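Observations on the three-dimensional arrangement
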Amino acid sequence: MFPVRKFFTRLLLTVGTVALCTTAALAAEGSSVPYRASVMADSAVLLESADAGAETVATLAQGDTLVLLSNESTGFQPAAWEAGEEVYTGYVDMSAVKAQSLGTATVLTEEAHLLDRADSEAPVLLTLAQGDTFQILGYDGSWYFVRANGTEGFLPVTAVNADVTTTSKLNLRSEPDKDGEILDVVPRDTELSPDGSDGEWFEVSYDGQTGYISSNYVTAQDEYIVDDPSVSDGEAVVAFAEQYLGNRYVWGGTSLENGCDCSGFVMQVYSNFGVSLPHSSSGIRSYGTRVSYEEMQPGDVVCYSGHVGIYAGDGQIINALNSRMGICYTNVNYTSIVCICRML
């Protein structure tokens, strides 16, 4: 199991508690697992209702971040957006936005079912094996909304490599069974990092002892997102980008799934890590911190004349090269490098 660490503040920091109050009714129509997204189109509008002809509440520009309150991926869905001290709520066209990744996590159990909704009886979309990686998009106390192998769905807390907090005083038992010997008593509000899970019990270490606690009395952390400290931020970027190898090159495109050009690819990949970049290979050069060729690390953005890619290590970049090759690996020195930019 990969370790986890505190990495980011609250998911809904973007809109704050005011938005949570004002959007309660909207959220009730969608999912209980809100998540952040970026505007990928030139602009997007928040409408008063889920109708293309409804009155506009606010207009957002490309790169603006909003919070989505439904996990439906099509049509108009409830959302909230903060502009200065104003919080706007309404409905946004899902084709104009893209979910932001909050970090990379792994499957904790021997296998996990990615579900269609936050319900243990929901249809299974994918079956993941222990150690498989995925991107966390959002979470609440019991469920994570994730993207795995290009598919978005839900995983229970018990299946996700993430810290948990006890919701009551719990017995630490010698075996994953209610009849197991009580080794210790874990106080309420104790933060623990599970070493394993069978879906009903977590294996944890507490006060120098290893034992088991019931998963019925824990909740997912809501103050951080998970990430693997043994993997650099740049390597996480590369791992995310590699999901789209083989996809189409489309000049002017910005869709990782359906087609993008070189700058659209870099822009979209980094948007999933909270970095807003322009849809321009020359414009990207003005972002991040310049590093030398000798300092280049995985995840760094390599800029050429009229082209841009992400350094993947071993002398390769991952990039949307052309209409013949699509998204592929290319030698980092295939042509002269203009500059190298580190975005994280």
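Residues numbered from 1 in each chain as written. Predicted model: local features only at pLDDT ≥ 70, side-chain atom pairs only at ≥ 80, totals over all residues. Heavy atoms only, no water.

**A closer look at the environment of glycine 138**
Inspection of the secondary structure puts glycine 138 in strand 11 (residues 133-139). Measuring from C-alpha to C-alpha, the distance between glycine 138 and tyrosine 35 comes to 4.7 Å, with 103 residues separating the pair along the chain. (Helix = DSSP H or I, 4+ residues; strand = E, 2+ residues; numbered from the N terminus.)

**Some words on the nonpolar core**
Ranked by internal contacts, the top residues of the largest apolar core, which has 30 residues, are Phe265, Val266, Tyr270 and Ile310. Take this core: its biggest share by element is six residues, from helix 4 (residues 262-271). Excluding its chain neighbours within four sequence positions, the residues that come into contact with isoleucine 310 are Val237, Val238, Phe265, Val266, Val269, Tyr270, Gly299, Asp300, Gln316, Ile317 and Ile318. In this structure, Tyr139, Val146, Val157 and Phe202 belong to the second largest nonpolar core, which totals 29 residues. (Core = buried A, V, L, I, M, F, W, Y, C linked by side-chain atoms within 4.5 Å. Buried < 20%, exposed > 50% of the residue type's maximum accessible area, 1.4 Å probe, protein only. Contact = heavy atoms within 4.5 Å.)

**Some points on the pattern of salt bridges**
Enumeration according to the criterion identifies four salt bridges in this entry. Its salt-bridge partner being glutamate 257, residue lysine 98 comes within 2.9 Å of it at the nearest N-O pair. Here lysine 98 is found in strand 7 (residues 97-99), whereas its partner glutamate 257 is found in the loop between strand 22 (254-255) and strand 23 (259-260), with 159 residues between them in sequence. Judged by its relative accessible area of 13%, lysine 98 is buried. For glutamate 257, a relative accessible area of 36% puts it in the partly exposed group. Among the salt bridges present, the one from arginine 147 reaches glutamate 152, with a minimum N-O distance of 3.1 Å. Taking the relative accessible area as the measure of exposure, glutamate 152 reaches 29% and is therefore partly exposed. (Salt bridge = Lys/Arg side-chain N within 4 Å of Asp/Glu carboxyl O.)

**A look at the sheet that holds strand 21 (residues 218-220)**
Ordered in space as 17-14-21, the three strands form an open sheet in which the pairing is antiparallel. The sheet terminates laterally at strand 17 (191-192) and strand 21, the two strands that pair on one side only. Relative to strand 17, strand 14 (residues 164-166) runs antiparallel, the two being bridged by two bridges. Bridging from a neighbouring strand, valine 164 pairs with leucine 192 of strand 17. (Pairing = 2+ DSSP bridges.)

**Structural notes on unusual backbone geometry**
Positive phi values are uncommon outside glycine, yet aspartate 189 reaches one of about 65 degrees. Take aspartate 189: it is sitting in the loop between strand 16 (182-186) and strand 17. Positive phi, normally seen in glycine, also occurs at aspartate 314, with a value near 55 degrees. Position of aspartate 314 relative to the elements: it lies in the loop between strand 26 (307-313) and strand 27 (316-322).

Keep in mind these values describe shape, not function.
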